[in-house]
Amino acid sequence: MAKILIVSATNDKNLELAKDLQQILSDMNLSTDIICLEDLKLPLFSSNVLVDEIQIDSLLKKMDQSDGLIFCSPEYNGGVPPVLSNSITWITVKSEHWRQAFIGKFSIISTYSGGDGHRFISAFRSQLEYMGTNVLARSISVSKNKPLDIESTKAILQGLIDIIN
């Protein structure tokens, strides 16, 4: 059975979105796991800073063992939030090969943002594709004024399931 890892950048609205996606996937008989990057409290990357090796190894293992990735993140100042960029940096420098956790994986980008989140989606798509991730064309965008469309979300998630199964 395919494994999907849902990565929430923050522990607020995007974690709620991650849990909603997990429930939808569970209803579709798929097993998932959620990681909240903000809760990991990774230090700001610098070559002189040490990170909890057990914690980063656990994160790498979960990413390596996943067939698909779903990222839930807000748009910050028209781009990728620092917690997500910082986590990706730690993942890439602690991997045997810097693209190891991303290359060949299929992913969906989702966002709960104050606006439509399209700048984040565009910027993050570019970053993921550079690291070798196959990003699905459709994304999930939620805001206070645009709640999660369950039927559309099911179709988007089904696209990921169809590819990784």
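Heads up: the structure comes first, above all this text.
Computed from a prediction, not measured in an experiment: that's the story for all the values here. Residue indices follow the written sequence of each chain, beginning from 1 at its first position. With pLDDT at 70 or above as the cut-off, local features in this predicted model cover only qualifying residues; side-chain atom pairs require 80 or more to be listed or tallied, and sums for whole chains, interfaces and linings still use all residues. Hydrogens and water molecules were not included; the side-chain quantities draw on all heavy atoms of the structure.

A.B. asks: I'd like a description of the overall build of the chain, backed by residues and values.
C.D. replies: Put simply, DSSP H or I for four residues or longer makes a helix, DSSP E for two residues or longer makes a strand, and each gets a number counted from the N terminus. Each helix and strand in the chain was counted, giving 6 helices and 6 strands. Reading the secondary structure of the chain in the N-to-C direction produces β-α-β-α-α-β-α-β-α-β-β-α. Dimensions of the chain along its principal axes, counting C-alpha atoms only, are 45 × 35 × 25 Å. Exposure is judged per residue with a 1.4 Å probe applied to protein chains only, and the accessible area is read against the type maximum: over 50% gives exposed, under 20% gives buried, and values in between give partly exposed. Residues counted as buried form 46% of the 165 residues belonging to the chain.

A.B. asks: Before we move on, could you go through the pairing of strand β3 (residues 68-72) and cite the residues and values that matter?
C.D. replies: In terms of residue burial, β3 counts as a mostly covered element, since 5 of its 5 residues are buried. Burial of β3 is two-sided: the residues G68, I70 and C72 facing one way and the residues L69 and F71 facing the other way are all buried. Where strand β1 (residues 4-8) and β3 come together, 5 bridges link them in parallel fashion. Directly across from I4, in β3, lies its bridge partner G68. Bridge count between β3 and strand β4 (residues 106-112): 5 bridges; the pairing is parallel. Here, any two strands with at least 2 DSSP bridges between them count as paired.

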